[in-house]
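# Notes for the structure review
Here are the chains, one letter per residue:
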Amino acid sequence: MSGTSHPVIRSSVLLGIIALLGTALLAGVNELTYERIIEQEKRRVLQQLNEIVPVASYNNDLLEDVIEIEDEVSFRHPAPVKVYRARMDGQPVAVMMIVTAPDGYNGDIRLLAGIDGAGEILGVRVISHRETPGLGDPIEAEKSDWIHGFKQKSLHDPEPGGWAVKRDGGQFDQFTGATISPRAVVRAVHNTLLYFEANRELLFDTPAIAVPTQMAKQNGQ
Amino acid sequence: MANSNLKQILADGAWRQNTGLVVLLGLCPLLAVTNTVINGLALGLATMLTLMVSNLSVSVMRGLLKPEIRIPAFVLIIASVVTVIELLMHAFFYDLFRVLGIFIPLIVTNCAIIGRAESFASRNSPLPSLMDGFATGLGFCITLVLLGALRELTGRGTLFAGADMLLGDWGQYLTLTIIPEHPGFLLAMLPPGAFLGLALLIAARNAWEARKAKTPPQAVTTLVPDTHEA
């Protein structure tokens, strides 16, 4: 190569400059939006949690009081289960657990399940899933009331045998044309209750860890 | 193609060379996100903005861009613009960002954008290029909105569902329930419905053009796009 006037060098320099300008632009915009994006993520998570545990019932910082549990046997899924703890003046109020049902029709269904100190379900929400639209997606709170049927249920109500969809002899409705999705959700919620029952102290007493605020990758539903 | 008449450019981009209905570029996002009007509108606006900024930047730099580096330069410019839009949406239209998800970054791969950069912006001055970006984006956006309306109406019986994601809280009053107690028409919501809907729109456009061109019959041939660079 002979000097900067060589066309290849000139082109490379030009491309380099464009890349540099692009990078500078991105860095600038990232700097401007970074805080706000984190805030939005937090707001979103808190909003989901507060749908289940009323704001008035706790006074700790939910998003900071978090632990993660890895227990592939109990939860039938290798993903760590994130647990948010709600407390009132230090007294345990509820846990919100993000569990994964491994046996949806199209793979994992991620759920947020809230359980109060007495082992009663405060509420369940689907965070993400890939079930068939129109058939399996009534598990979403936006699509039907089905998911609200878990409210105030516990290990004793219904009795252990009742923790299944009706087709399997249990208490929970399935959908027309879709048994697998509700079955997967019922099973995952039941498992979560069992885990809570057996590990209540661990759930509330394990010191909080620092975890990123992002709750879950959202599906495009 | 190089027509400096802005009105001509607008008509070309929005109708005669409509990206979705005539040139058939960028079909992946077009088919994927159009299950509601609002989703279509949001992606359409994001694409339009990308087209305008990328066309303008390419046009400004067109004297510098040697043929052998123009494609990587286009890619750099377009990728930067799209990422900026993605960050801004993430920060300011978070709910919409969640719905559109992967399709925002995928605007980069919409060949309509690099196509306009290559076939128009790299040969024209900034103002016509900006106009071309606007017109092409408008054409794409209109297609997305129409397809979204068609699918939302037949699939769920509503229009403008989720407008609050784009416009803030008052947007939820915009949601029109056209067919109450709609049982849901699954086909329209699933990908096959997108293909069928697009086919119907293309057919409707062709029928319109054919009717308009009834007097001189050979004018129907103008339906076939004469530029197909990308």
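What you are looking at is a predicted structure, and each value in this text was computed from that prediction instead of being measured. (Residues numbered from 1 in each chain as written. Chains lettered and ligands numbered in written order. Predicted model: local features only at pLDDT ≥ 70, side-chain atom pairs only at ≥ 80, totals over all residues. Heavy atoms only, no water.)

Now for the overall build of chain A. Helix and strand content of chain A: three helices and five strands. Listed N to C, the secondary structure of chain A is α-β-α-β-β-β-β-α in terms of helices and strands. Against the 2.2 N^0.38 benchmark of 17 Å for 221 residues, chain A shows a C-alpha radius of gyration of 23 Å, more extended than a compact globule. With the C-alpha coordinates aligned to their principal axes, the bounding extent of chain A is approximately 85 × 45 × 30 Å. Within the span of chain A, comprising 221 residues, buried residues form 46% of the whole. The contacts in chain A between residues at least 6 apart in sequence include a share of 51% that link residues at least 24 apart. By element, 54% of the accessible surface of chain A is carried by carbon and sulfur atoms, the whole surface being about 11,300 Å². Looking at chain A, you have 21 positive and 29 negative side-chain charges, and the mean spots of the two groups are 6 Å apart. (Helix = DSSP H or I, 4+ residues; strand = E, 2+ residues; numbered from the N terminus. Rg over C-alpha atoms; globule rule 2.2 N^0.38 Å. Buried < 20%, exposed > 50% of the residue type's maximum accessible area, 1.4 Å probe, protein only. Contact = heavy atoms within 4.5 Å. Areas by Shrake-Rupley, 256 points an atom, 1.4 Å probe, with all protein chains shown as cover. Lys, Arg positive; Asp, Glu negative; His and termini not counted. Charge placed at Lys NZ, Arg CZ, Asp CG, Glu CD.)

It is worth spelling out the environment of L176(B) at this point. Structurally, the position occupied by L176(B) is in strand β2 (residues 176-177). For the pair L176(B) and F160(B), spaced 16 residues apart in the sequence, the C-alpha separation amounts to 6.4 Å.

Let us look at the confidence of the model for chain B. Low-pLDDT stretches of the model should not have their predicted coordinates read in fine detail. All names here are of chain B. Summing up the model confidence of chain B, the mean pLDDT is 83 and the portion of residues at 70 or higher is 91%. This stretch, residues 219-224, has a pLDDT under 50; its non-local contacts, to residues over four places away or in other chains, come to six contacts. The low-confidence segment residues 226-230, where pLDDT is below 50, has nine contacts with residues more than four positions distant or belonging to other chains. (pLDDT = per-residue confidence, 0-100.)

Time to look at unusual backbone geometry. Here the residue pair D157(A) and P158(A) is connected by a cis peptide bond, since its omega of 5 degrees sits within 30 degrees of zero. Considering the arrangement of structural elements, one finds P158(A) in the loop between β5 (121-128) and α3 (180-205). Non-glycine residue D89(A) carries a positive phi angle of around 50 degrees. Take D89(A): it is sitting in the loop between β2 (81-88) and β3 (91-104). Phi angles above zero are rare outside glycine, and L24(B) is one such case at about 55 degrees. By the secondary structure assignment, L24(B) is in the loop between α2 (19-23) and α3 (27-33).

To continue, consider the packing of aromatic side chains. Summed over all chains, the structure comprises eight aromatic pairs over all chains. Relative to F172(A), the ring of W163(A) has its centre 5.1 Å away and its plane inclined at 40 degrees; by these criteria the two rings are tilted. Relative accessible area serves as the criterion here: at 6%, W163(A) is assigned to the buried category. Ring geometry for W15(B) and W208(B): centres 6.3 Å apart, planes at 65 degrees, overall edge-to-face. Taken together, the residues W15(B) in helix α1 (residues 6-16) and W208(B) in helix α11 (residues 191-212) connect sequence positions 193 residues apart. Residue class for W208(B) comes out exposed when judged on its relative accessible area of 54%. (Phe/Tyr/Trp six-rings, centres within 6.5 Å; stacked < 30°, edge-to-face > 60°.)

This part is about the sheet that holds β3(A). All names here are of chain A. The antiparallel open sheet is built from five strands, whose spatial order is β1-β2-β3-β4-β5. Edge strands, defined here as strands with exactly one partner in the open sheet, are β1 (66-69) and β5. When the angles between neighbouring strand axes are averaged without regard to direction, this sheet yields 25 degrees. Where β1 lies against β2, four bridges are found, and the strand directions are antiparallel. When the bridges of β2 are listed, I67 appears paired with V83. Those strands touched by helix α1 (residues 7-52) are β2, β3, β4 (107-116) and β5, and its axis lies near 145 degrees from that of β5. (Pairing = 2+ DSSP bridges. Axes fitted to C-alpha atoms, helices over the stretch in contact; angles between N-to-C directions.)

To continue, consider the pattern of salt bridges. When the charged atoms of two side chains lie near each other, side chains of opposite charge can form a pair. Within this structure, the stated rule accounts for 13 salt bridges over all chains. Residues R183(A) and D168(A) are paired through a salt bridge, measuring 2.8 Å at the closest nitrogen-oxygen approach. Of this pair, R183(A) sits in helix α3 while D168(A) sits in the loop between β5 and α3, placing them 15 residues apart in sequence. Taking the shortest distance from any N to any O, the salt bridge between D12(B) and R16(B) comes out at 3.0 Å. With D12(B) and R16(B) both in helix α1 and four residues apart, the pair spans about one turn of that helix. For D12(B), a relative accessible area of 14% corresponds to the buried category. Through salt bridges with shared partners, a single network forms among D65(A), R85(A) and R87(A). (Salt bridge = Lys/Arg side-chain N within 4 Å of Asp/Glu carboxyl O.)

A separate point is a nonpolar patch on the surface. Residue and element names in this part refer to chain B. Residues F160, L167, W170, Y173, L174, L176, I178 and I179 make up a contiguous nonpolar surface patch of about 780 Å² in total accessible area. Checked against the element boundaries, L174 lands in the loop between α9 (163-167) and β2. The class of L174 is partly exposed, set by a relative accessible area of 35%. (Patch = residues over 30% accessible without salt bridge, like charges linked within 9 Å, V, L, I, M, F, W, Y side chains within 5 Å.)

All names here are of chain B. Relative to each other, helix α4 (residues 37-60) and helix α7 (residues 111-119) sit at 25 degrees, their axes nearing to 9 Å. The orientation of α4 relative to α7 falls into the category roughly parallel. Both α4 and α7 take part in a crossing whose hand is right-handed. Residue-level inspection shows T47, T50, L51, S54, N55 and V58 of α4 in contact with α7, the latter providing A112, I113, R116 and A117. (Parallel < 35°, antiparallel > 145°, perpendicular 65-115°, else oblique. Left-handed = near helix turned anticlockwise from the far one by under 90°.)

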